[in-house]
Amino acid sequence: MKIAILSRNANLYSTRRLKEAGEAMGHEVDIIDTLHCYMDITSSRPTVRYHGKELPMYDAIIPRIGASVTFYGTAVARQFEMMGTFNVNESVAISRSRDKLRSLQLLSRRGIGLPRTGFASKPDNIKDLIKNVGGAPVVIKLLEGTQGIGVVLADTAKAAEAIIEAFMGLKANILVQEFIKEAGGADIRCLVVGGKVVAAMKRQGAEGEFRSNLHRGGSAEVIKLTKQERETAVNAAKIMGLNVCGVDLLRSQNGPMVMEVNSSPGLEGIENATGKDVAGMVIEFIEKNAKLHATKTRGKG
Ligand code: ADP
């Protein structure tokens, strides 16, 4: 098969591994810089052009679209879908998962366990916003944050109010969330491929740090999931309509709670922690599912 990986950087671990795995399984794999693609959307025969030439017809694309290029990246992915190319994660599902509020609303509507969450732009009663998620301590998150930046733990209602006011002053949209203390500074990353959890790891924050992000000095180890955790991850992926994704869970006393569903999960941490060939499993998924005109809108909202 001819497979294209949409990625801004051919040297990234995940991009390299997907190319390697695809080639090892006998496929032709190109890496295409998403932002360098340009398209003719008026034509009756949609095409994608790159470096002055029309790109060949690919059987499948693997979108690795970073949060900062979601808008243009999903447009490029959509163009491939219009051409009939199979897209591992359809563009609509990527856009859906990038909107944290929309994701939480969709997941809550379907009964997935979530930390109690309030969101606000210009709350007229900050005290009530805090009280409504159970009172301090609360976690306050910038809607646009990634890799743990913009995620703050406020121990007291006073601190929470001050932080919310500061974010409001910057005109930022925020989430105010119940702090899941019993998670103990750890979370669980479940890698879902084609409706199955194929690898899972526990990420533990550095000493004294409630955020477990590996970018913030956290460490990772293999973990055995409970049946409920496995089902929660699979359901969350399904609701978001993502074939390949990372579902982040917190272990709470009320069962697993989903924090986030990531449509371009990094492979380095999870492959190193578990020793599993996740990239190979993504290629296998393509082998089983890539048919022309087979990308269909799944999930809702
Ligand atoms: P980002 O998307 O920037 O990584 P997250 O929402 O995943 O932000 O939060 C970063 C980390 O902070 C999580 O991996 C988790 O360890 C911790 N965390 C986030 N929300 C909560 C919460 N409500 N309760 C306890 N820990 C949390």
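Bear in mind that the values here come from a model prediction, so they are computed numbers and not experimental data. (Residues numbered from 1 in each chain as written. Predicted model: local features only at pLDDT ≥ 70, side-chain atom pairs only at ≥ 80, totals over all residues. Heavy atoms only, no water.)

Across a regular strand the side chains alternate sides, sitting on one face of the sheet and then on the other. Here strand β12 (residues 186-193) pairs with strand β13 (residues 196-204) via eight bridges, running antiparallel. The residue bridging Val193 from the neighbouring strand is Lys196, located in β13. Turn length for the β12-β13 hairpin, with the two strands adjacent in sequence and antiparallel, is two residues, and the turn residue Gly194 shows positive phi of about 55 degrees. Inspection of the sheet shows β13 paired to strand β14 (residues 219-222) by four bridges, in the antiparallel sense. Paired with Gln204 across the strands is Ser219, a residue of β14. (Pairing = 2+ DSSP bridges. Helix = DSSP H or I, 4+ residues; strand = E, 2+ residues; numbered from the N terminus.)

The subject of this paragraph is the nonpolar core. In globular proteins that are soluble, nonpolar side chains generally tend to be buried together. Leu107, Cys190, Val247, Val258 and Val261 are the most contacted members of the largest nonpolar core, which has 27 residues in total. Secondary structure elements with two or more residues in this core: α4 (100-109), β12, β13, α7 (227-240), β15 (244-252) and β16 (255-262). At five residues, α7 tops the list of elements feeding residues into this core. When near neighbours in sequence (up to four residues on either side) are disregarded, Leu107 contacts Ile112, Leu114, Ala236, Ile239, Met240, Val258 and Val261. (Core = buried A, V, L, I, M, F, W, Y, C linked by side-chain atoms within 4.5 Å. Buried < 20%, exposed > 50% of the residue type's maximum accessible area, 1.4 Å probe, protein only. Contact = heavy atoms within 4.5 Å.)

Turning next to the environment of Met259. If you trace the backbone, Met259 turns up in strand β16. Note on Met259: relative accessible area 23%, which makes it partly exposed. Residues Met259 and Asn243, spaced 16 residues apart in sequence, show a C-alpha to C-alpha distance of 18 Å. When sequence neighbours within four positions are dropped, the list of residues in contact with Met259 reads Leu104, Lys141, Asp187, Asp248 and Leu250.

Where charged atoms of side chains with opposite charge meet at close range, the side chains can pair. This model, assessed by the stated rule, comprises 15 salt bridges. The salt bridge partner of Glu20 is Arg17, with a shortest N-O separation of 3.1 Å. In this pair, Glu20 and Arg17 are both assigned in helix α1 (residues 13-24), three residues apart and thus about one turn of the helix distant. Among the residues examined, Glu20 registers a relative accessible area of 42% and is labelled partly exposed. (Salt bridge = Lys/Arg side-chain N within 4 Å of Asp/Glu carboxyl O.)

Here we take up the packing of helix α2 (residues 70-83) against helix α3 (residues 91-98). It is at 8 Å that the axes of α2 and α3 come closest, and there the two elements cross at 160 degrees. What the angle tells us is that α2 and α3 run roughly antiparallel. The segment α2 lies against α3, with Thr70, Thr74, Ala77, Arg78 and Glu81 engaging Ser91, Ile94, Ser95 and Arg98. Of the residues assigned to the contact of α2 with α3, the class counts are two nonpolar, four polar and three charged. (Axes fitted to C-alpha atoms, helices over the stretch in contact; angles between N-to-C directions. Parallel < 35°, antiparallel > 145°, perpendicular 65-115°, else oblique. Nonpolar A, V, L, I, M, F, W, Y, C, P; charged D, E, K, R; others polar.)

Neighbouring the ligand are 19 residues, the closest being Lys141, Gly148, Glu178, Asn213 and Glu260. Lys141 places a side-chain nitrogen or oxygen 2.6 Å from an oxygen atom of the ligand. Glu260 has a polar side-chain atom sitting 2.8 Å from an oxygen atom of the ligand. Expressed as a share of its isolated accessible area of 540 Å², the protein-covered part of the ligand is 96%. Secondary-structure elements contributing two or more residues to the shell around the ligand are β9 (138-142), β11 (174-178) and β16. Composition of the shell around the ligand by domain shows at least three residues from each of domain 2 (99-109 + 182-276) and domain 3 (117-179). (Near = heavy atom within 4 Å. Polar contact = N/O pair within 3.5 Å; in protein donor to acceptor, adjacent residues only side chain to side chain. Areas by Shrake-Rupley, 256 points an atom, 1.4 Å probe, with all protein chains shown as cover. Domains from an automatic or database assignment.)

Attention now goes to the domain arrangement of the protein chain. Assigned domains of the protein chain: these are domain 1 (2-96), domain 2 (99-109 + 182-276) and domain 3 (117-179). The C-alpha-based centres of domain 1 and domain 2 are spaced at 25 Å. When domain 1 packs against domain 2, close to 1300 Å² is buried across both sides, 43% of that on carbon and sulfur atoms. The largest share of the area that domain 1 buries against domain 2 comes from Tyr13, Asn89 and Arg96, three residues that together contribute 48% of it. At the surface where domain 1 touches domain 2, the tally comes to one salt bridge. A salt bridge links Arg17 to Glu271, with the shortest nitrogen-to-oxygen separation between them at 2.7 Å. If you look at where domain 1 meets domain 2, you find 14 residue pairs in polar contact (both at pLDDT 80 or more). Among the elements of the structure, α1 and α3 are those that each provide at least two residues to the side of domain 1 that touches domain 2. By residue class, the composition of the side of domain 1 that touches domain 2 is seven nonpolar, three polar and four charged. (Buried area = accessible area lost by both parts, 1.4 Å probe.)

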